[in-house]
Amino acid sequence: MTVPETITSAVPGAGSGTGATAPTGAEAGFGAGGDTGVASGAEVLRPHAEHAFADELKALAAADDRPRPARWQLSPWAVATYLLGGTLPDGTVITPKYVGPRRIVEVAVTTLATDRALLLLGVPGTAKTWVSEHLAAAVSGDSTLLVQGTAGTPEEAIRYGWNYARLLAHGPSRDALVPGPVMRAMSQGLTARVEELTRIPADVQDTLITILSEKTLPVPELGQEVQAVRGFNLIATANDRDRGVNDLSSALRRRFNTVVLPLPATPEAEVDIVARRVDQIGRSLDLPAVPEGVEEIRRIVTVFRELRDGVTTDGRTKLKSPSGALSTAEAISVVTGGLALAAHFGDGVLRPADVAAGILGAVVRDPAADRVIWQEYLETVVRERDGWKDFYRACREVSA
């Protein structure tokens, strides 16, 4: 039996797999400074994390004198600082990308420095994708090696595909092989990402088992394989409300270290998260400044938390919870939409009338059951609250 040959030229930037220096994402041209075919950075609607926070990453790299794992752009300490925020010795302020328990971030970063893959698990809106992107940007300088999981994600999206013109003309060859994001990450020692892993069909999920356990990706058509070089790892995200959709096999789950991202612990933390994220989005859309709408943000967060928890903030009134997640991400969407209304059809100040329709859309997902729950909440809670009269009237108007 012949031993499979290791592919070295089928993947752009691939080394021998024995420690040869692989190019970074920028050098390889994969979404980190290469020719992406899109507008310049100033015109991009949503820059990748490594572009949007390039100055912070550069400052961290300059100040970072701690040991770095192979092919990491920063040390684990600097990666955690990038996500959690801080002030560097030269006075550079690193803005928080994630507001939550520090230990969760430290465990996630440490996992990537081992041979185990990382699974970020949580309910919708707990910043799983956001954390995944920023981890990849800080570790590898490239967050674009992404597989988006859906019910229709094929095995080729995780492994590799073929240039069918070359395949038909010359048969299976290295030149005909089209590497996927995971294969490129393996050959270059970078971090790959798989979003919504449990949305992917189970047989396609299990394609990852050999990659994560043996750190190799066989290409049986060529009698060859791609071996992962040092620095390679994988971050997957999954929604724990998707249990029963395509549950992970026990064999695949063992290949991951699972980190659960919780909902914000306090209303103040959630208000801070919403305000920060809306401010970032608003700057790219030329929307009014967030500080003028902090009170409305606090009100939206209160409504979402009470309906989500099934009890009012003071604990006196039990509530029915609607079918939607009412996540922090949805609160961000409601506020962003409200700011757009205030900017284009108002005086630029966020008011109850600007957010009422967005709240109704977030709460009432089931037109029958959720509408009843929302009406009960309006009449028994919102109507009786001091200082909420304008909000009550605005919500009643759009709910009519």
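Quick look at the structure, then. Worth saying up front: this structure is predicted, and the values here are computed from it rather than measured.

**Some points on the layout of surface pockets**
Then, number 1: The space that makes up the largest pocket amounts to roughly 640 Å³.
Then, number 2: Looking at the largest pocket, it is lined by 29 residues, and the ones nearest its centre are Gly125, Thr126, Ala127, Trp130 and Ile273.
Then, number 3: Among the elements of the structure, α6 (128-140), α13 (267-285) and α15 (328-345) are those that each provide at least two residues to the lining of the largest pocket.
Then, number 4: Of the residues that constitute the lining of the largest pocket, the class distribution is 16 nonpolar, 7 polar and 6 charged.
Then, number 5: By volume, the second largest pocket amounts to about 510 Å³.
Then, number 6: In terms of lining residues, the second largest pocket is bounded by 21 residues, among which Phe53, Arg277, Gln280, Ile281 and Arg283 are the most central.
Then, number 7: Looking at the lining of the second largest pocket, the elements that each hand over two or more residues are α2 (49-52), α6 and α13.
Then, number 8: No other element matches the 9 residues that α13 contributes to the lining of the second largest pocket.
Then, number 9: Each residue belonging to the lining of the second largest pocket can be placed in one class, and the counts come to 10 nonpolar, 5 polar and 6 charged.

**Focus: the pattern of salt bridges**
Then, number 1: Evaluation of the coordinates by the stated rule reveals 19 salt bridges.
Then, number 2: Here Glu379 makes a salt bridge to Arg396, at a shortest N to O gap of 3.0 Å. Of the two residues, Glu379 sits in helix α17 (residues 369-380) while Arg396 sits in helix α18 (residues 389-399), which places them 17 residues apart along the sequence.
Then, number 3: Since its relative accessible area comes to 36%, Arg396 is described here as partly exposed.

Calculation notes
- Residues numbered from 1 in each chain as written.
- Predicted model: local features only at pLDDT ≥ 70, side-chain atom pairs only at ≥ 80, totals over all residues.
- Heavy atoms only, no water.
- 1 Å grid on protein atoms, 1.4 Å probe; cavity = no way out; pocket = protein on both sides within 12 Å on 5 of 7 lines; lining within 4 Å.
- Points joined across faces, edges and corners; volume = space filled by probe spheres on them.
- Helix = DSSP H or I, 4+ residues; strand = E, 2+ residues; numbered from the N terminus.
- Nonpolar A, V, L, I, M, F, W, Y, C, P; charged D, E, K, R; others polar.
- Salt bridge = Lys/Arg side-chain N within 4 Å of Asp/Glu carboxyl O.
- Buried < 20%, exposed > 50% of the residue type's maximum accessible area, 1.4 Å probe, protein only.

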